[in-house]
Structure formats: C-alpha cells, structure tokens
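In case you want the letters, here they are:
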Amino acid sequence: ADLVEDVHNEGAKIAPQLHHTGRQNSQGNTERNEPPLAPTAGITSAFGTPPRAIDEDEIPGLIDRYVQGARRAVAAGFDAVELHGAHGYLLGQFLSPFTNRRTDDWGGPLENRARFALEVVKAIRAQVGPDFPVLYRLSVEEPYEGGLSLDDGLAFCEMLDPLVDALDVSAGNYDTAMTLLPM
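Attention in this report is confined to the structure presented alongside it. (Residues numbered from 1 in each chain as written. Predicted model: local features only at pLDDT ≥ 70, side-chain atom pairs only at ≥ 80, totals over all residues. Heavy atoms only, no water.)

**Digging into helix α2 (residues 59–76)**
Under the 1.5 Å per step criterion, the end-to-end length of α2 is 26 Å for 18 residues, consistent within 8% with the ideal 26 Å. All of the buried residues in α2 are I59, L62, I63, Y66, V67, G69, A70, A73 and A76. On its buried face, α2 sits against α1 (2–9), β1 (17–18), β2 (37–38), β4 (81–85), α3 (90–95) and α5 (115–128). (Helix = DSSP H or I, 4+ residues; strand = E, 2+ residues; numbered from the N terminus. Expected span 1.5 Å × (residues − 1). Buried < 20%, exposed > 50% of the residue type's maximum accessible area, 1.4 Å probe, protein only. Contact = heavy atoms within 4.5 Å.)

**Points about the pairing of strand β5 (residues 134–139)**
Here is the key point about a regular strand: its side chains alternate between the two faces of the sheet. Most of β5 sits out of view: five of its six residues are buried. Examined bridge by bridge, β4 and β5 share five bridges and lie parallel to one another. By the bridge assignment for β5, H84 is matched with R137. Judged from the five bridges that link them, β5 and strand β6 (residues 166–170) form a sheet pairing that is parallel. Across the sheet, residue L138 finds its bridge partner in β6, namely V169. Between the parallel pair β5 and β6, the chain is carried across by helix α6 (residues 150–160), and the sense of this crossover is right-handed. (Pairing = 2+ DSSP bridges. Right-handed = clockwise from strand over helix to strand, strands pointing away.)

**Section: the packing of aromatic side chains**
Each aromatic ring pair is characterised by the separation of its centres together with the angle its planes make. Within this structure, the stated rule accounts for five aromatic pairs. Ring geometry for F94 and F116: centres 4.3 Å apart, planes at 20°, overall stacked. On the criterion of sequence distance, the pair formed by F94 in helix α3 and F116 in helix α5 is long-range, its members being 22 residues apart. Each member of the pair, F94 together with F116, is buried. (Phe/Tyr/Trp six-rings, centres within 6.5 Å; stacked < 30°, edge-to-face > 60°.)

Set out below in structure tokens:
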C-alpha cells in the first residue's frame, strides 16, 4: 500500500504481475525444498529441476492463490492486476502442449489446456468485479517442436478477449531464450 501511495503521489498508475513459476524454478528455491510444480512431471526447464505433476485436487487451491493475490492487490490500492502467463510460467505451462501432457480435463485439446488460465481469470473477475482492470500477459507461440502454435495462441487470445481488459503479448519462454520477445 505504501508503494502504491508513492506511485499515485507522482501521478502514475501501478499494477502487480501475479504469477506462479511452475516448472521454471529450482527445488532449492521452493518453500520446503520440494520439486517445483508443473502440469506434467519430469519436463525439466532451463532451471534444471525436474518438476512433479500437479494433482487434480490441488488445482482449485492454485486458482485460489491467484484470486487471493488479486484481492490483496485491490485492497492495497493497485490500479489493475496483470496475470503473467508468458515465458513458460504456470499459466503458460498448462496452455502449452509441450509442457502439458495431461490426459484429464486439464490437458489434451486446446480447450482443456486453456481451462486452467480461463478458470483463474474468471475467478479473479468474480473477486474484483467487472470494472477493475484485469490484464493478461502471454507468449502467443513457443517456437520449438511441440510448443504452442501461433494458431492456438491466437485462438486462446479470442477465449480471453471477453474476460480481460488488455492482452500483453510476447513470444517464447526461458527454454527459447534466444527467441524470447519482450513485446
């Protein structure tokens, strides 16, 4: 709240990025020195620690963590929230066919792979109301074999369109750092 007040006193607006690193983390950087979480086990990131698969019964709690982050942002006086689903973070990991090889309702076809991100956005929107700006940052494609295609990325943007106030689009992720496009 102090940071928000200082920014507002200078005449600017401010929004936090809400994200979960998922597999883009090392075991030593986790709360209990456990493997990082991911939609699918074993698909190691640039950080080198094989992740464990998220159990389906853990998903509602993960969604709620995003919601609680948004709730706290509103309470602190932020002007918007941005969900960071780009560059291989957890929201993007569910979306990517490379990192999401699940066979349940959270994997497989694009509609299922998009489900986690869409549920997060819908739950945040229910928490913050229709007038509070919700932004979404995404990598619209992953330029490697088995990664998110541009067609699927654009289709996902269409799914997001009625739910968010702005899209912040880049491409690539930490596995493709040479093609990581900032804007």
